[in-house]
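# Close look at the chain arrangement
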Amino acid sequence: MSSVVFTRSSRARLGALLCSLSLACLTQADIRAQAPPIAPPAQAIPAPALPRIPLTTGRSTILETPFDVTRIAITNPAIADATVVRQREILVDGKAPGTVTLIIWGGDQRIQYDVVVEQPITPLEQQLQILFPGEDIHVAVNTDGIVLSGRVSNTSVMLRSAEVARATAPKANVVNLLQVVGAIDAQQVMLQVRFAEVNRRALQELGSSIFTGATGYRGWVGRGTTQQFPAPDFEDDKLVFSDFLNLFLFNTNYNVGVLIKALREKGYFQSLAEPNLIAYNGQEASFLAGGEFPIPFSTGGTGGISIQFREFGVRLNFVPTIAGDLIRLHVRPEVSSLDFTNGILLEGFRIPALTVRRAETEVELRDGQSFAVAGLLDNRAQSDSADVPILSQLPIIGNFFKSKADRQERTELLVLVTPRLVRPLNPDEVPNLPALPGPFLPTGDNIGGQLQGGGGTVDAPRQ
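Report on the accompanying structure. (Residues numbered from 1 in each chain as written. Predicted model: local features only at pLDDT ≥ 70, side-chain atom pairs only at ≥ 80, totals over all residues. Heavy atoms only, no water.)

Here the focus is the sheet that holds strand β3 (residues 71–74). Sheet architecture is open: four strands sit in the order β1-β7-β6-β3, paired in mixed fashion. Each edge of the sheet is formed by a strand with only one pairing partner; in this case those strands are β1 (52–56) and β3. Strand after strand, the sheet turns through a mean of 25° between neighbouring axes, direction not considered. Where β3 lies against strand β6 (residues 98–106), four bridges are found, and the strand directions are antiparallel. Residue pairing for β6: Ala-73 is matched across the bridge by Ile-103. (Pairing = 2+ DSSP bridges. Helix = DSSP H or I, 4+ residues; strand = E, 2+ residues; numbered from the N terminus. Axes fitted to C-alpha atoms, helices over the stretch in contact; angles between N-to-C directions.)

This part is about the pattern of salt bridges. Under the definition given, this model contains 14 salt bridges. Across the pair Arg-160 and Glu-163 runs a salt bridge whose closest N-O atoms are separated by 3.5 Å. Taken together, the positions of Arg-160 and Glu-163, both in helix α4 (residues 155–168) and three residues apart, correspond to about one turn of that helix. Residue class for Arg-160 comes out partly exposed when judged on its relative accessible area of 38%. Its relative accessible area of 34% is what places Glu-163 among the partly exposed residues. Each of Arg-160, Glu-163, Arg-328, Glu-362 and Glu-364 takes part in salt bridges that share partners, so that together they form one network. (Salt bridge = Lys/Arg side-chain N within 4 Å of Asp/Glu carboxyl O. Buried < 20%, exposed > 50% of the residue type's maximum accessible area, 1.4 Å probe, protein only.)

Once that is clear, we can look at the pairing of β1. Where a strand is regular, its side chains alternate between the two sheet faces. Burial along β1 is one-sided: Ile-53 and Leu-55 are buried, while Arg-52, Pro-54 and Thr-56, pointing the other way, are not. Of the strand pairs in this sheet, β1 and strand β7 (residues 109–118) are connected by five bridges, and their pairing is parallel. Paired with Pro-54 across the strands is Val-116, a residue of β7.

Counted according to the given criterion, the structure contains eight aromatic pairs. On the basis of an interplanar angle of 15° and a centroid distance of 6.4 Å, the ring pair of Phe-211 and Phe-248 is categorised as stacked. Within this pair, whereas Phe-211 is found in strand β11 (residues 188–212), its partner Phe-248 is found in strand β15 (residues 247–251), the two being separated by 37 residues in sequence. We classify Phe-248 as partly exposed; its relative accessible area is 36%. A ring pair is formed by Phe-241 and Phe-248, whose centres lie 5.4 Å apart and whose planes are at 85°; its orientation type is edge-to-face. By the ring-pair criterion, three or more aromatic residues cluster together here, those being Phe-211, Phe-241, Phe-244, Phe-248 and Phe-250. A cation sits over an aromatic face here: Arg-71 above Trp-105, 4.7 Å from the ring centre. (Phe/Tyr/Trp six-rings, centres within 6.5 Å; stacked < 30°, edge-to-face > 60°. Lys NZ or Arg CZ within 6 Å of the ring centre and 35° of its normal.)

A few words on the environment of Phe-309. Structurally, Phe-309 can be placed in strand β19 (residues 305–323). For the pair Phe-309 and Glu-292, spaced 17 residues apart in sequence, the C-alpha separation works out to 5.7 Å. If sequence neighbours within four positions are ignored, Phe-309 has contacts with Glu-292, Phe-293 and Pro-294. (Contact = heavy atoms within 4.5 Å.)

Across its 14 residues, α4 extends 20 Å between first and last C-alpha, which sits within 8% of the 20 Å expected from 1.5 Å per residue. Every buried residue of α4 is accounted for by Thr-155, Val-157, Met-158, Leu-159, Ser-161, Ala-162, Val-164 and Ala-165. (Expected span 1.5 Å × (residues − 1).)

Turning next to a nonpolar patch on the surface. Together, Leu-391, Leu-394, Ile-396, Ile-397 and Phe-400 make up an exposed nonpolar region whose accessible area comes to about 450 Å². Relative to the helices and strands, Leu-391 resides in the loop between β23 (371–387) and β24 (402–422). Classification of Leu-391 as partly exposed rests on a relative accessible area of 34%. (Patch = residues over 30% accessible without salt bridge, like charges linked within 9 Å, V, L, I, M, F, W, Y side chains within 5 Å. Areas by Shrake-Rupley, 256 points an atom, 1.4 Å probe, with all protein chains shown as cover.)

Paired through backbone hydrogen bonds, the strands of a sheet run either parallel or antiparallel to each other. Reading across the sheet, the three strands line up as β2-β5-β4 and stay open at both edges, with antiparallel pairing between neighbours. Of all the strands in the sheet, just β2 (60–64) and β4 (80–86) have a single pairing partner and so form its edges. The average undirected angle you get between the axes of adjacent strands in this sheet is 25°. Of the pairings in the sheet, the one linking β4 to strand β5 (residues 89–94) comprises six bridges and is antiparallel in character.

Dropping the structure here:
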């Protein structure tokens, strides 16, 4: 049996080892029991509200203190300023809208205030409060314009308030931000417009021209015409015809002929346009279905000719104003067409005139209601006659020395307008685009498939 002998140094080492083992055997609960308790975090105590000193820009007030004032301080003198006028009285002046802090010292005491400076009530706001009592209308005036804000009870108050503001400052830009209680929250208007134009024309022309050949008849050469319609002329012993009109008769035995203009014409024209426009509240939108024609003009001393284009056709300009449950529209429809009859000839260019029918009005409608601008009638009647004196008075043959042309034209225009409040579509509300129900061409019927060796490959999806 073996024995273990401990020396003095080994005994010291063993004691240190046992001590470390005993400390490691302590449980976590024993450590927590021996550790001092952790204090809970302190809750933030809200600062007490400071007393307020209400002021208006340009106004002053006297603040009394319960002690003699020795010193004062204010955070921003540009908003409010304070001056000690007596030992216990301070004069506070409001200079600009805002909130600043005023601190007052006296002996061993100190008081702190919040000085609130508000915008003064303008004469316009006072007038609106008198005209519309009980309405929440606020007015902000600056160098660029007038801003109306708040909530009103009906549409009439909203529109009349803006009219009063415009009358007070005609040159200022009035921004109407008044809201009607219970109104629809929409800011875009779609205007459905239908133009219908009907044009009827009728024309009657009658005239004749008698003439002989270039060699004449039995030594007589003559021609009779009223110059209203083209007639033959003599040039170098020959007859020159610019137009044979409707009837042309010539007797070669007697060398005498006659040209007769007998024409009856009727025309009917109908035009229909249906533009749809979307505009933001208070912004103008325009539409044009037509074209442009060139107008030449001189550029000045250089002698050159420049071209300027002028628009014509069906035009529509409108400005919507959403006023609660009403839509106020300023509408300006116009229909113009080229008129070559009344045009001019300038430096070799034929410049047509414009026949314009225009209307401008302002109406109030609800969503989906319509109004019509009708009665735009244009009736024209023209009668031109010519005759040869004395000869036209002869019985029977006198009608050969008369000519007449009657023209009548009637145009009627109707404009039908329907405003609607609209909103944008969400991605899941966008309708599908139209598509073909089947393949456009049957497979194998293309030309390339019928060629020997094929017609190549098309890099596209199959239909």
